[in-house]
Amino acid sequence: MMAMGNVSLGLVELSAIREMANAGLAHATKSLSEFTGHKFNVDVPYAQSVALTRIPMLLGDGEQIYVGIYLPVKGEVEGHIAFLLPWESAQLLWKMVMGRAPRTPAEVDEDAASAMLEVGNIFNGSFLEAISDIAKFGFSTTQPVLAIDSCSVILAAIVSEASQGDADSMAIDTEFFDDEHTTSGIFLFLPTVSGLRSLFSALGISKAA
Amino acid sequence: MTTTAVTVGMAEIHVTKGVGIFTCPGLGSCIGVCAIDPITNVAGCAKIMLPESFPDKQVDKPAKFANTGIPELIGMMERLGAERTRIAIAIAGGAQVFRFGSDCATSKHDIGSRNVKAVTDALNRYGLEPMANDVGGSNGRTITFTVETGIVTVRTAISTEKALANLRDLTGNEDV
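Since the model is a prediction, treat every value here as computed from it, not as a measurement.

(A) Structural detail: the overall build of chain B. Per the secondary structure count, chain B includes two helices and ten strands. Its helices and strands in sequence order give chain B the pattern β-β-β-β-β-α-β-α-β-β-β-β, from N to C terminus. Taking 2.2 N^0.38 as the reference for a compact globule, 176 residues should give roughly 16 Å; the C-alpha atoms of chain B span a radius of gyration of 16 Å, in line with that estimate. The dimensions of chain B, computed from C-alpha atoms along their principal axes, are 50 × 40 × 35 Å. Taken over 176 residues, chain B has a buried fraction of 52%. Taking the intrachain contacts of chain B between residues at least 6 apart in sequence as the baseline, contacts between residues at least 24 apart amount to 61%.

Take a look at the structure:
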């Protein structure tokens, strides 16, 4: 049993969550591949209980510029979803969907921003759709927002948003990349503690969390 | 004497007496607070995440919230011998990191500006006023505070380092 704050998870719960995340990510990468016309893959996701404040340290507290799309999830299973790309990967993704890319972060205009918000929406939305199909729960998403800054700043901003509810969470994260490994990024799903409980009961694991 | 460099993480407070360099990276909506009593050489740095603690929840880390973090920072400095009325302060951060998307125009993701107000209010309750600040906007910041010189510098992911304040420069302070 691993425990931290309010989140206690056994092996059964962890493997159920990872299996669910795997299915969600498979659907999400398929949608991303269709949208961009490039084949994308994901690594097996990590699922771990963490104090939210440790997330930047775990996922990337570097100063490299990233583009991050963040989305709070409402409904029966609440949480936070984010999709982060290093600047060069974001440029390649822009080229895939728009045929051109901003040369510098300052050049990102409304068009480029909405194209990237759409990419994030497709990935995150497909992930949520797939897991809500499996667990049979409803969710509603709010509008995604986009940031361009260092990885540590974007993750810290997401952690601040999530910390308005909980001190701890389960971080489900993985890396996605295209077949040629020229584009890669980070996917992060942070269900709230109550969202995690709903998820477990929806999956038929009622004892956990 | 070796100068120790300390990285101040989210919801952390570090204090020192004498020398030291505090670095507070990844300040998005968070606020970095640098403070020093130049007479006793007691200095501190806090990285505040949110405006206010939740009435229904236990505070796991005082530095997470402005209303608990500022009293904690001042208390820790006083225990090392700082005199409250002499403490000089600079703050930076409170940006709105998410700048694109329809919800950015609304108040949904305005933690940064609420943090600026809450930190300033909490300082005011101790009769303290930041002598310099670099807050708001949409760019994340990194601040560095060198205790020996009192100099606080700020940079963003896209800009070079610039001086924000010299917390040992007491010009204009009538007590000196």
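That was the structure; now back to the text.
(B) Local environment of unusual backbone geometry. Phi is positive for A11 of chain B, which is not a glycine, with a value near 60 degrees. Tracing the backbone shows A11 of chain B in the loop between strand 1 (5-7) and strand 2 (13-17).

(C) Representation of the interface of chain A and chain B. If you look at the interface, chain A gives 28 residues, while chain B gives 26 residues. Residue assignment for the side of chain A that touches chain B shows that the elements contributing at least two residues are strand 5 (65-75), helix 4 (110-135), strand 8 (145-150) and helix 5 (151-162) of chain A. Here the side of chain A that touches chain B takes eight residues from helix 5 of chain A, the largest share from any one element.

(D) Geometry of the pairing of strand 8 of chain A. All names here are of chain A. Within strand 8, six of the six residues are buried, which leaves the element mostly enclosed by the surrounding structure. Bridge count for strand 5 against strand 8 is six bridges, and the pairing is antiparallel. The residue of strand 8 that forms the bridge with Y66 is D149.

(E) Looking closely at helix 1 (residues 66-79) of chain B. Residues and elements named next belong to chain B. For helix 1, built from 14 residues, the straight-helix expectation of 20 Å at 1.5 Å per residue is met to within 8% by its first-to-last C-alpha distance of 20 Å. Listed as buried for helix 1 are A66, G69, I70, L73, I74 and M77. An end-on view of helix 1 places all buried positions within 125 degrees of arc, on one side of the element. Buried-residue contacts for helix 1 involve strand 2, strand 4 (31-37), strand 5 (42-48) and helix 2 (111-124). A positive phi of about 110 degrees marks G81, the residue just after helix 1.

(F) Here's a closer look at the environment of V12 of chain A. One can find V12 of chain A in helix 1 (residues 11-36). Spatially, the C-alpha atoms of V12 of chain A and I148 of chain A are 38 Å apart, while their sequence positions differ by 136 residues.

(G) The nonpolar core, seen in detail. Within the largest apolar cluster, 124 residues are counted, with the highest numbers of intra-cluster contacts made by M116, L146 and I154 of chain A together with V33, C34, I48 and V119 of chain B. For this core, the leading source of residues is helix 4 of chain A, giving eleven residues. Contacts of V119 of chain B, omitting those with residues within four sequence positions, involve I31, V33, I48, A66, I70 and I91 of chain B.

(H) Seen up close, the sheet that holds strand 8 (residues 141-146) of chain B. All names here are of chain B. What the five strands build is an open sheet, ordered 1-3-8-9-10; its pairing is mixed. Lying at the two open borders of the sheet, with one neighbouring strand each, are strand 1 and strand 10 (162-166). Within this sheet the neighbouring strands show an average axis-to-axis angle of 20 degrees, counted without direction. Examined bridge by bridge, strand 3 (residues 21-27) and strand 8 share five bridges and lie antiparallel to one another. Bridge pairing links T23 to T144 in strand 8.

(I) Up close: the sheet that holds strand 2 of chain B. All names here are of chain B. Taken in spatial order, the five strands of this open sheet run 2-5-4-6-7, and their pairing is mixed. Two strands close off the open sheet at either side, each with one partner strand: strand 2 and strand 7 (132-135). Adjacent strand axes in the sheet meet at a mean angle of 10 degrees, parallel and antiparallel pairs treated alike. Two elements, strand 4 and strand 5, share seven bridges in a ladder whose sense is antiparallel. When the bridges of strand 5 are listed, D37 appears paired with V42. This element, helix 1, spans strand 2, strand 4 and strand 5 of the sheet and lies at about 165 degrees to strand 5.

Reading the values: rules and limits
Residues numbered from 1 in each chain as written. Chains lettered and ligands numbered in written order. Predicted model: local features only at pLDDT ≥ 70, side-chain atom pairs only at ≥ 80, totals over all residues. Helix = DSSP H or I, 4+ residues; strand = E, 2+ residues; numbered from the N terminus. Rg over C-alpha atoms; globule rule 2.2 N^0.38 Å. Buried ≥ 20, exposed ≤ 12 C-beta atoms within 10 Å, placed from the backbone. Contact = placed C-beta atoms within 7 Å. Pairing = 2+ DSSP bridges. Expected span 1.5 Å × (residues − 1). Arc of directions from axis to C-beta. Core = buried A, V, L, I, M, F, W, Y, C linked by C-beta atoms within 7 Å. Axes fitted to C-alpha atoms, helices over the stretch in contact; angles between N-to-C directions.

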